[in-house]
Amino acid sequence: MAKKHIIVDPITRIEGHLRIEAVIDENNTIVDAYASSTMFRGIETILKGRDPRDAGLLAMRICGVCTGTHYQRSIEAVEDAFDITIPKNARLVRNLIQGALYIHDHLVHFYHLHALDFVDVVSALSADPELTSKEAVKWAGVSGTNPYIEGAGKFKEIQDRVAKFVKQGRLGIFGNGYWGNKHYKLTPEQNLIGVAHYLKALDIQREMAKMQAILGGKNPHPQSIVVGGVTCVQDIQNPARLGLFKDLLKLSNEFIKKAYLPDVYMAGTMYADEATDSKATFWELMKGKGVGGTGGGLLSYMSYGDFRLDDTGFYNAKMLFPSGIIFDGDIKNVQDVDAQKIAEDVTHSWYKGTGEPEHPYDGTTNPEYTGLDKRPDGMAYLKTDGKYSWIKSPRYDGKAVEVGPLARMVIGYAKGDERITKYVSNFLKRGNLPVSVLFSTVGRTAARAIETELMGDVMVEWIDELMANTAAGDLATWTEFDFDKVSVKTKGMGLAEAPRGSLGHWVRVENGKIANYQAVVPSTWNAGPRDKDGNLGAYEASLIGTKVADPEQPLEIIRTIHSFDPCIACAVHVVDTKGKEMGVYKIDTQCNI
């Protein structure tokens with residue numbers, strides 16, 4: 001029987017534009033996959049010739065989601081180039097701003113981008129509210145807490161609200177789901193819990209965003225981080241402002257512990273067969289052995305490390321998330337990260353290249369769009385033998401790796417980090433789950449929840465530390481430096497973590513201006529295409545071996561891709577569904593206004 005070709009374009013419920021092409025055999029099992037970003041970014045080009053002290057304000061526009069993260073990494077790259085160590089208060093403020101982003105981002109991802117891959121909204125309409133209430137108590141009990149929503153009456157109210165939308169044909173954001181697909185596995189009552197928490201999360205995420213605004217000035221695109229420290233002097237001197245931050249954090253942690261974690265336990269248990277189906281892993285199919293389940297993918301993980309816990313310097317400090325790299329599922333062998341081994345390959349990317357992968361310090365961003373393959377059936381396909389994505393292919397020592405919450409939790413656990421080991425172990429113990437379930441689509445989602453609980457708890461320690469430090473009279477927020485002396489010729493990098501994984505900004509400065517700039521973002525590591533040696537990227541590898549119940553409704557593809565939380569930065573590259581170019585726009589990046 002001939003193999004079938006599945007095209008999912010666009011992948012919805014993500015930031016940006018992403019296309020997945022998959023080839024399935026006669027058993028509807030994916031035997032090949034290709035990931036393509038269908039838009040151009042090019043922010044690095046815009047940064048050339050600018051004052052490096054302004055780089056963060058421009059670099060944060062790379063993305064409308066992780067704005068504060070790109071902002072901070074860009075500034076840290078410049079601080080590395082200028083050899084600046086920031087004050088303690090600045091470190092704590094930056095940690096709190098980033099921590100607020102993490103818990104907000106992870107919550108939005110699970111409920112508003114990913115949950116509907118597990119939750120059948122229409123099925124919730126047939127749920128018994130009384131049984132739903134009991135089910136909520138059950139899963140909250142697994143998490144060791146009380147349910148966030150208690151009582152059959154509240155669940156009935158939410159059910160009636162959704163039913164009213166359905167009756168009026170106003171499903172809105174719920175309108176185009178694959179409802180009824182046989183790979184949905186939750187009961188009607190469990191689906192009603194998921195829908196109820198989805199709606200409640202819309203309110204709580206607003207409160208989470210306020211935390212970043214308190215210390216960052218605004219959300220998105222915070223303004224308070226500068227080269228040398230932070231500018232929110234009045235905020236850290238005002239106990240009421242810091243008290244409000246702590247109150248909002250308490251409200252956020254309540255939802256995380258009473259709704260988010262129980263929902264992940266519920267979904268993980270009901271989809272446990274996929275999490276432990278080792279026959280469906282890329283590792284087993286391609287290399288003959290392995291652990292994990294559907295969506296496990298490369299089983300190679302990297303973390304740059306992040307969230308400094310002391311003031312001994314950016315790359316010397318103890319980190320909340322340790323750095324490290326693991327290849328081929330060998331968790332007993334965690335290697336140190338060597339930034340010199342990072343390079344980007346453009347063999348299958350729409351860029352001109354030298355023929356060899358480029359280190360980011362010397363990286364180039366020269367577009368070379370070669371179009372799509374327009375076939376007789378009227379559809380346009382990726383030219384998979386040539387260039388097929390706007391995303392480059394980052395490699396570490398020539399190898400593809402996965403980055404993100406799963407990588408951070410696995411590396412921390414493998415290195416014996418006390419805090420991470422505690423949270424991972426507690427999660428697995430409460431759910432009666434083996435550690436192998438982490439190496440799957442479900443496990444990737446669970447790792448994000450574990451990290452969210454950890455982050456919410458440690459932020460309480462950070463805000464208390466900041467309040468105590470300022471109360472003791474330490475109000476320093478900025479380290480003075482002589483720009484004219486340090487900006488003649490230098491280079492620096494800001495390597496740390498974003499919610500979606502390892503993020504690096506590299507800058508070369510000459511005569512006070514940016515001579516070259518490159519950013520390698522988490523979704524570049526995960527969503528990149530094959531390299532010159534034919535090695536698959538993390539998205540592509542994660543789909544190999546996945547069985548699709550209905551090729552017309554490729555729920556399984558979307559579920560696995562969403563588990564990475566794709567974030568493909570904004571651009572203006574537009575084609576119609578058959579690959580016809582709609583228009584070409586050229587921008588003068590050096591225009592002075």
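Before going into details, it helps to say that this report is about the structure given with it. Predicted model only: the values in this text are computed from it and were never measured. (Residues numbered from 1 in each chain as written. Predicted model: local features only at pLDDT ≥ 70, side-chain atom pairs only at ≥ 80, totals over all residues. Heavy atoms only, no water.)

1. Examining the environment of alanine 33
Note on placement: alanine 33 falls in strand β3 (residues 30-37). Non-local contacts of alanine 33, meaning those with residues more than four positions away in its chain, are made with Glu21, Ala22, Arg530, Glu540, Leu543 and Ile544. (Helix = DSSP H or I, 4+ residues; strand = E, 2+ residues; numbered from the N terminus. Contact = heavy atoms within 4.5 Å.)

2. Considering unusual backbone geometry
For the peptide bond that leads from aspartate 9 to proline 10, omega is 5 degrees, which places it in the cis range. Topologically, proline 10 is positioned in the loop between β1 (4-8) and β2 (18-24). Positioned with a positive phi, histidine 221 is a non-glycine residue whose angle comes to about 55 degrees. Judged by its relative accessible area of 16%, histidine 221 falls in the buried class. Positive phi values are uncommon outside glycine, yet asparagine 432 reaches one of about 55 degrees. (Buried < 20%, exposed > 50% of the residue type's maximum accessible area, 1.4 Å probe, protein only.)

3. Some words on the nonpolar core
Ranked by size, the top nonpolar core spans 116 residues in total, and within it Met211, Leu215, Phe321, Met455, Met459 and Trp462 carry the most contacts. If one sorts the elements of this core by residue count, helix α9 (residues 239-270) sits on top with 13 residues. (Core = buried A, V, L, I, M, F, W, Y, C linked by side-chain atoms within 4.5 Å.)

4. Some details on the sheet that holds β1
With antiparallel pairing, three strands are arranged side by side in an open sheet as β1-β2-β3. The sheet is open, and its two edges are formed by β1 and β3, each paired on a single side. Strand-to-strand, the axes of this sheet are offset by a mean angle of 15 degrees, without reference to chain direction. Seen against the sheet, helix α18 (residues 555-562) touches β1, β2 and β3 and runs at an angle of roughly 130 degrees to β2. (Pairing = 2+ DSSP bridges. Axes fitted to C-alpha atoms, helices over the stretch in contact; angles between N-to-C directions.)

5. Concerning the packing of aromatic side chains
Inspection of every chain in the model, using the stated rule, returns 24 aromatic pairs. Ring geometry for phenylalanine 82 versus phenylalanine 481: centroids 5.9 Å apart, planes at 40 degrees, classification tilted. Note that phenylalanine 82 is positioned in helix α3 (residues 67-82) and phenylalanine 481 in the loop between α14 (441-471) and α15 (483-486), a separation of 399 residues in sequence. Taking relative accessible area as the criterion, phenylalanine 82 reaches 5% and is therefore assigned buried. Aromatic pair tryptophan 350 and tyrosine 369: ring centres 4.7 Å apart, planes at 70 degrees, arrangement edge-to-face. Here the residue tryptophan 350 occupies a position in the loop between β10 (342-345) and β11 (373-374), and tyrosine 369 occupies one in the loop between β10 and β11, the gap between them amounting to 19 residues. Take tryptophan 350: its relative accessible area is 1%, and that puts it in the buried class. Of the residues examined, tyrosine 369 reaches a relative accessible area of 29% and is grouped as partly exposed. Grouping aromatic residues by their ring pairs yields a cluster made of Phe110, Tyr111, Tyr148, Phe255 and Tyr260. The ring of phenylalanine 321 carries the charged tip of arginine 408 above its face, separated from the ring centre by 5.4 Å. (Phe/Tyr/Trp six-rings, centres within 6.5 Å; stacked < 30°, edge-to-face > 60°. Lys NZ or Arg CZ within 6 Å of the ring centre and 35° of its normal.)

6. Quick notes on the packing of helix α7 (residues 188-216) against α9
Where α7 meets α9, the closest approach of the two axes is 9 Å, and the angle between their N-to-C directions is 150 degrees. It follows that α7 is roughly antiparallel to α9 by the angle criterion. Crossing geometry of α7 relative to α9 is assigned as left-handed. (Parallel < 35°, antiparallel > 145°, perpendicular 65-115°, else oblique. Left-handed = near helix turned anticlockwise from the far one by under 90°.)

7. Some remarks on the packing of helix α13 (residues 418-430) against α14
In contact at an axis separation of 10 Å, α13 and α14 are set at 130 degrees when each is read in the N-to-C sense. One element, α13, and the other, α14, form an angle in the oblique class. Crossing angle aside, the handedness with which α13 passes α14 is right-handed. Residues Arg419, Ile420, Tyr423, Val424, Phe427 and Arg430 of α13 form the contact with α14, whose own contacting residues are Ala446, Ile450, Glu453, Leu454, Asp457, Val458 and Glu461. Along the lines of polarity and charge, the residues of the contact of α13 with α14 split into eight nonpolar, no polar and five charged. (Nonpolar A, V, L, I, M, F, W, Y, C, P; charged D, E, K, R; others polar.)

8. Re the pattern of salt bridges
Applying the stated criterion across every chain, the model contains 35 salt bridges. In this structure, the salt-bridge partner of arginine 91 is glutamate 465, at a minimum N-O distance of 3.8 Å. Of this pair, arginine 91 sits in helix α4 (residues 88-114) while glutamate 465 sits in helix α14; the two residues are 374 residues apart in sequence, bridging distant segments of the chain. A relative accessible area of 2% means that arginine 91 is categorised as buried. Residue aspartate 105 pairs with arginine 500 through a salt bridge whose shortest N-O separation is 3.1 Å. With aspartate 105 in helix α4 and arginine 500 in the loop between β14 (489-498) and β15 (501-510), the pair connects residues that are 395 residues apart, well separated along the chain. Here the salt bridges do not stand alone but share partners, grouping Lys88, Arg91, Asp311 and Glu465 into one network. (Salt bridge = Lys/Arg side-chain N within 4 Å of Asp/Glu carboxyl O.)

9. Focus: helix α12 (residues 405-414)
Across the ten residues that make up α12, a large majority, eight, are buried. Taken as a whole, α12 has its buried residues at Pro405, Leu406, Ala407, Arg408, Met409, Val410, Ile411 and Gly412. Residue glycine 416 follows α12 closely and has a positive phi angle near 75 degrees.

10. Thoughts on the side chain of arginine 94
Within the fold, arginine 94 resides in helix α4. On the basis of relative accessible area, arginine 94 is assigned to the buried category, the value being 1%. In this structure the side chain of arginine 94 is engaged in a polar contact, spanning 3.0 Å, whose partner is the backbone oxygen of glycine 229. In this structure arginine 94 touches Gln72, Ile75, Glu76, Glu79, Ile86, Ile225, Val226, Gly228, Gly229 and Val230, once residues within four positions along its chain are discounted. (Polar contact = N/O pair within 3.5 Å; in protein donor to acceptor, adjacent residues only side chain to side chain.)

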